[in-house]
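Secondary and tertiary structure notes
Take a look at the letters that make up each chain.
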Amino acid sequence: MTRNFTYSALVLRARPSGIDNREITFLTAEAGLIRATVFGGAKSKLRAHTEPYHQGTLWIYQDSAKDFRKVSDFDVRFWRPGIREGYERTMTAVSVAETILESCGGGGEWAASLALAGRTLNALDQASAGTCRRIAVSFFWHWPELLGQRPDIRRCASCACEASGDGVLWYSRLQGSFLCAPCAARSQEPRLNFLSLGPGARRWLAAVEGLDPALLARYTLDQTALEEAEAFSTALIAGILGKRLASWNY
Ligand SMILES: [Zn+2]
């Protein structure tokens, strides 16, 4: 049985398939990740339209019996040419795309996944090198919420005490949650398992909660806080995926 489908879609990855074709992986608002083939060589218009980070309306022809999908058309609304113009922008976009691919497109709230990915890539399109890293950390902080696994950064998961404004909370990689200093000291867990999250990093994560990443240029943080926020947010995703991604280190 063959059918045609329409999706709101973002290109996450394009890979060669056969001599002249490409296999494209899309994140769609309707069905999460979808893989489909684009036919045609380097001069094909459809091939030029289905480059990574392009987003728009996708038409798919599907043959269910053969488990085969072909891209019939892709009407691009967001091109984001700026992402390919800078090393930091490109590498950040790769790390975002790989994180989405490795976590199967999110936890099922596909429209929200696509919206977060789209906002993140829009911000990257014009971002300075320094802002790119903050955009990445903001994405890593928001993404686990869509996977349904995000710890509270305001209080200790063990004694439920609230973290003081100038205190440090300790993120347990084993438990995927935060402990206050006394609870961390009492824990049997090896010290190396804990990551510190100081007041600067916590304030920044709270401030950018739900913020459009296009505004992150205004939300600066010092190097220590940035490194803490990055180490914690990637450890959080690594705990969910069961591995760290090579694309996070650039
Ligand atoms: Zn505690």
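This one's a predicted model, so the numbers in the text were calculated from it and none came from an experiment. Starting afresh in each chain, residues are numbered from 1 along the sequence in its written order. Given that the model is predicted, a residue must reach a pLDDT of at least 70 before its local features are reported, and side-chain atom pairs must reach 80 or more before they are shown or counted; all residues, however, enter totals for whole chains, interfaces and linings. The side-chain values count all of the structure's non-hydrogen atoms but skip hydrogen atoms and water molecules.

1. Quick notes on the overall build of the protein
Put simply, DSSP H or I for four residues or longer makes a helix, DSSP E for two residues or longer makes a strand, and each gets a number counted from the N terminus. Secondary structure assignment for the protein yields 7 helices and 8 strands. In terms of its C-alpha atoms, the protein occupies a principal-axis envelope of roughly 60 × 40 × 25 Å. Out of the 250 residues in the protein, the part that is buried amounts to 48%. Looking at the protein alone, contacts between residues at least 24 apart form 62% of all its contacts between residues at least 6 apart. Any residue under 20% of the maximum accessible area for its type is buried, any over 50% is exposed, and the rest in between are partly exposed; the area is computed with a 1.4 Å probe on protein chains only. Throughout, a contact is declared for two residues whenever any of their heavy atoms are within 4.5 Å.

2. What to know about the coordination of the zinc ion
As a rule, N, O and S atoms within 2.8 Å of a metal are its donors, except that Na, K and Ca use 3.2 Å; water is not among the atoms, so sites may look incomplete. Only Cys156 (SG), Cys159 (SG), Cys180 (SG) and Cys183 (SG) from the protein reach the zinc ion as donors, at distances of 2.2 to 2.4 Å. A four-donor site is called tetrahedral if each angle lies between 85 and 135 degrees; a four-donor site is square planar, and a six-donor site octahedral, when trans pairs exceed 155 degrees and the remaining angles lie between 65 and 115; all other cases are labelled irregular. For the zinc ion, the 4 donor atoms in the first shell make angles of 103 to 115° at the metal, so the coordination geometry reads as tetrahedral. Each donor residue of the zinc ion belongs to the same chain, with the gaps between them written as C-x2-C-x20-C-x2-C. Exposure remark for Cys180: the relative accessible area of 8% places this residue in the buried category. Cys183 gets classed as buried once you look at its relative accessible area, which sits at 6%.

3. Let's talk about the packing of helix α2 (residues 87-102) against helix α3 (residues 110-124)
Geometry of a packed helix pair, given as the angle between the helix axes and the separation of the axes. Contact geometry for α2 and α3: axes closest at 10 Å, N-to-C directions at 170°. The orientation of α2 with respect to α3, classified from their angle, is roughly antiparallel. Contact residues: Arg89, Thr92, Ala93, Val96 and Ile100 in α2; Ala117, Thr120, Leu121 and Leu124 in α3. Three classes are used, and their members are as follows: Ala, Val, Leu, Ile, Met, Phe, Trp, Tyr, Cys and Pro are nonpolar, Asp, Glu, Lys and Arg are charged, and the others, Gly among them, are polar. Considering only residue class, the contact of α2 with α3 consists of 6 nonpolar, 2 polar and 1 charged. Helix axes use the C-alpha atoms of the stretch in contact, all axes being lines fitted to C-alpha atoms, and the angles between their N-to-C directions lie in the range 0 to 180 degrees. Note on angle classes: values under 35 degrees are labelled roughly parallel, values over 145 roughly antiparallel, values of 65 to 115 roughly perpendicular, and the remainder oblique.

4. Some details on the domain arrangement of the protein
How far each domain reaches was decided by an automatic or database domain assignment. With domains assigned, the protein is organised as domain 1 (2-78) and domain 2 (82-150 + 189-248). Just the C-alpha atoms count here: the centres of domain 1 and domain 2 sit 26 Å apart. Listed per partner, the contact involves 19 residues of domain 1 and 19 residues of domain 2. Overall, the association of domain 1 and domain 2 removes approximately 1,400 Å² of surface from exposure, summing both partners, and the carbon and sulfur fraction of that is 72%. Think of a salt bridge as a Lys or Arg side-chain nitrogen and an Asp or Glu carboxyl oxygen that are within 4 Å of each other. Here domain 1 is connected to domain 2 by 1 salt bridge. Within 3.5 Å is the distance limit for a polar contact, defined as a pair of N or O atoms, with the added protein rule that one can donate a hydrogen and the other accept it, and that residues adjacent in sequence qualify only through two side-chain atoms. Taken together, the connections running from domain 1 to domain 2 amount to 3 residue pairs in polar contact (both at pLDDT 80 or more). Broken down by secondary-structure element, the contributors of at least two residues to the side of domain 1 that touches domain 2 are β1 (2-17), β2 (21-28) and β3 (32-38). Considering each element in turn, the side of domain 1 that touches domain 2 owes the most residues, 5 residues, to β1. By buried area we mean how much accessible surface two parts lose on assembly, using a 1.4 Å probe and totalling the loss over both.

5. Remarks on helix α6 (residues 199-207)
Buried residues of α6: Ala201, Arg202, Trp204 and Leu205, and no others. Seen end-on, α6 carries its buried residues on one side only, within an arc spanning 165°. Buried residues in α6 make contact with α4 (129-146), β6 (169-172), β8 (194-197) and α7 (223-241). Starting at the helix axis, one direction is taken to each C-beta atom, and the arc is that of these directions.

6. Some thoughts on unusual backbone geometry
For residues besides glycine, phi is generally negative; the peptide bonds are generally trans as well. Unlike most non-glycine residues, Arg80 shows phi in positive territory, near 55°. Looking at where Arg80 falls in the secondary structure, it is placed in the loop between β5 (68-78) and α2. Among the residues examined, Arg80 registers a relative accessible area of 4% and is labelled buried. For Cys104, which is not glycine, the phi torsion reads 55° and is therefore positive. Turning to its location among the elements, Cys104 is positioned in the loop between α2 and α3.

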